[in-house]
Amino acid sequence: GRQKAQPIGHAQLTESLVGGTYAFPLPAHDKRRSFFRLFWNPDTEAPSMAMASNRLLPLALLLLLLAMAHADTPRLEPTVRLPSQRMAAGQGDDGSVGTRWAVLVAGSNGYQNYRHQADICHAYQILKKGGLKDENIIVFMYDDIAHNLENPRPGVIINHPQGGDVYSGVPMDYTGKEVNVKNLFAVLLGNKTAVSGGSGKVLDSGPNDHIFVFYSDHGGPGVIGMPTYPYVYGDDLVDVLKKKHAAGTYKSLVFYLEACEAGSVFEGLLPNDIGVYATTASNAEESSWGTYCPGEYPSPPSEYDTCLGDLYSISWMEDSDVHNLRTESLKQQYDLVKKRTAAQDSYSYGSHVMQYGSLDLNDQHLFLYIGSNPANDNTTFVEDNSLPSFSRAVNQRDADLVYFWRKYQKLAESSTEKNDARKQLLEMMGHRSHIDNSVELIGNLLFGFADGPMVLKTVRPAGEPLADDWSCLKSMVRAFESQCGSLAQYGMKHMRSFANICNAGILPEAMVKMAAQACTSIPTNPWSATHNGFSA
């Protein structure tokens, strides 16, 4: 008679096989017992048949071992997928299991700033082709360009001289005066109750989600512009990112910033341990650059009197347009953009693209944040940037002057329109001179004519924040504007002067007195007006 079968482990089974006993003491309920009976059933087969069946035993043993290995392997949870299954399901080959989110911000208004909204619209089209859903893309854009009377192609925005419309389909989540600091910070923090107007969409992200933020605008040391007041200050922005991290509502966040002195927004402020990786169009002390501008090469179509894009922005976007972002890393794109934005390292124009924060994230694939156009799946990344270079570019702060000058030149002599354009151009130049002269005079009154210019222009070593006391900086800005008028987008260039005045221990009350001496009145031009609020 047969003995009652007892379960055995892999080691015992191996020993019995090696010993040549062919013992298979499997329990009666084990499914592998029925599997083995397919080859030999001792209850029914005669001894002679058993001998014949022994020839099949090696094959049976192999199949049995495979079956046991399969049976002993735990079943995968439904949320765990193979790489091919993740890609089919829209998940990343970088281990992504969360949702991609994006916030796109054009921080200016006015047709002379066409390029910022064009940048944002182009970025949206890249995200859509990459597979992101509108419900996960939040757009801040004044929306006064596409249907502007000066737009030669009504309802269309282009970001390249030969490019197509990038405006179509862009969700207008926050427009006009809804594009403000309060709404931006509420959206970043996912605070629906703090949002005023707009679509109400916020970053309702979770701990496994990946966030991409792209901000294109004017800037200055420690500050980014807004079409409304106040502006975005570096300490406030970084505080919001810290709060977002503390809430545990993202896995990693990538921030691309196009602005003058953009590096100063993160320099000495952004920690390297909160999962935020930022790249900027410029370092802490230089301008960023507009491109596809009238009179340059490549030039926009002749009917356009304004720049179509920004050098850093179109560099990362035109790279994303043509490469497989499943295989291109953040670091690879950073290197390409840095080279193109630096005018092939000549810096005859262009700026130093920088990176800040959690630099360990830059080995991740772009696909994790902005998806990838399936049409580029077969493209191969190359280190040499094959994208076209430029004859030159236009300093961001001068791009609006290019627009107003071209507009004035093209109008008919003695026409009402030409007279209005001339008045507008002279008012803008007057505003610039007023701001420059007023700040310089205040520096001389505070520190003397010998030391004043040096104090105002001092740049701190790399790694140090712009200001010791950011509250003092904002108070200093309000003190100046209350006596001398609004800084506006051009005046942001003087933020370092105000920060240095604070760093030197001067109190805002002293600034009020000095500003009152320097500015006997506020100019009447629209750029100096303060009825819409202060920059800080």
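Please read these numbers as outputs of a predicted model, since none were measured by experiment.

1. With respect to the nonpolar core
Grouped together as the largest cluster of nonpolar side chains are 71 residues, with contacts concentrated most on Leu 184, Phe 266 and Phe 498. In terms of residues, this core owes the most to one element, helix H15 (residues 470-484), which gives eight residues. Not counting chain neighbours up to four residues away, the residues in contact with Phe 498 comprise Val 439, Leu 473, Met 476, Val 477, Phe 480, Leu 487 and Met 511. With 52 residues, the next largest nonpolar core counts Tyr 111, Leu 127, Tyr 312 and Tyr 334 among its residues.

2. Description of the UniProt feature "active site" (unreviewed entry) in the protein
UniProt's feature table lists "active site" (unreviewed entry) at His 218 and Cys 260, given in the numbering used throughout. Annotated residues spanning 43 residues; largest pairwise C-alpha distance 6.1 Å, indicating a single compact cluster. With near-sequence residues (within four places) excluded, His 218 lies in contact with Asn 113, Arg 115, His 116, Ile 224, Gly 225, Ala 259, Gln 396, Gln 489 and Met 492. At 2.8 Å, the side chain of His 218 forms a polar contact with the side chain of Asn 113.

3. Description of the sheet that holds strand E12 (residues 394-395)
Sheet strands line up and pair through hydrogen bonds in the backbone, either parallel or antiparallel. Read from one edge to the other, the open sheet built from three strands follows the order E10-E9-E12, with strand pairing classed as antiparallel. This sheet does not close on itself; its edge strands, each paired only once, are strand E10 (309-310) and E12. Pairing geometry for strand E9 (residues 289-291) and E12, over two bridges, is antiparallel. Bridge pairing in E12 places Trp 289 opposite Asn 395.

4. Here we look at the pattern of salt bridges
Enumeration according to the criterion identifies 17 salt bridges in this entry. Across the salt bridge formed by Lys 418 and Glu 413, the nearest N and O atoms sit 3.7 Å from each other. With relative accessibility at 4%, the residue Lys 418 sits in the buried group. It is possible to trace a salt-bridge network through shared partners that takes in Asp 235, Asp 236 and Lys 474.

5. A short note on the packing of aromatic side chains
Within a pair of aromatic rings, the relevant descriptors are the distance that separates the centres and the angle that separates the planes. On inspection of all chains with the given rule, the structure shows 16 aromatic pairs. Relative to Trp 316, the ring of Tyr 256 lies with its centre 5.2 Å away and its plane at 80°, an arrangement referred to as edge-to-face. Of this pair, Tyr 256 sits in strand E7 (residues 252-258) while Trp 316 sits in helix H10 (residues 311-322), and the two are 60 residues apart along the sequence. Pair check on accessibility: Tyr 256 and Trp 316 agree, each one buried. On the basis of an interplanar angle of 40° and a centroid distance of 6.3 Å, the ring pair of Phe 266 and Tyr 356 is categorised as tilted. One end of the pair, Phe 266, is in helix H9 (residues 263-266); the other, Tyr 356, is in strand E11 (residues 354-357), with 90 residues separating them in the sequence. The pair Phe 266 / Tyr 356 is uniform in exposure class, with both members buried. Directly above the aromatic system of Phe 367 lies the positively charged group of Arg 100, at a separation of 4.3 Å from the ring centroid. Above the ring of Tyr 408, the side-chain terminus of Lys 418 is found at 4.1 Å from the ring centroid.

Rules used throughout
Residues numbered from 1 in each chain as written. Predicted model: local features only at pLDDT ≥ 70, side-chain atom pairs only at ≥ 80, totals over all residues. Heavy atoms only, no water. Core = buried A, V, L, I, M, F, W, Y, C linked by side-chain atoms within 4.5 Å. Buried < 20%, exposed > 50% of the residue type's maximum accessible area, 1.4 Å probe, protein only. Helix = DSSP H or I, 4+ residues; strand = E, 2+ residues; numbered from the N terminus. Contact = heavy atoms within 4.5 Å. UniProt positions renumbered as here; feature names shortened; annotations may be inferred. Polar contact = N/O pair within 3.5 Å; in protein donor to acceptor, adjacent residues only side chain to side chain. Pairing = 2+ DSSP bridges. Salt bridge = Lys/Arg side-chain N within 4 Å of Asp/Glu carboxyl O. Phe/Tyr/Trp six-rings, centres within 6.5 Å; stacked < 30°, edge-to-face > 60°. Lys NZ or Arg CZ within 6 Å of the ring centre and 35° of its normal.

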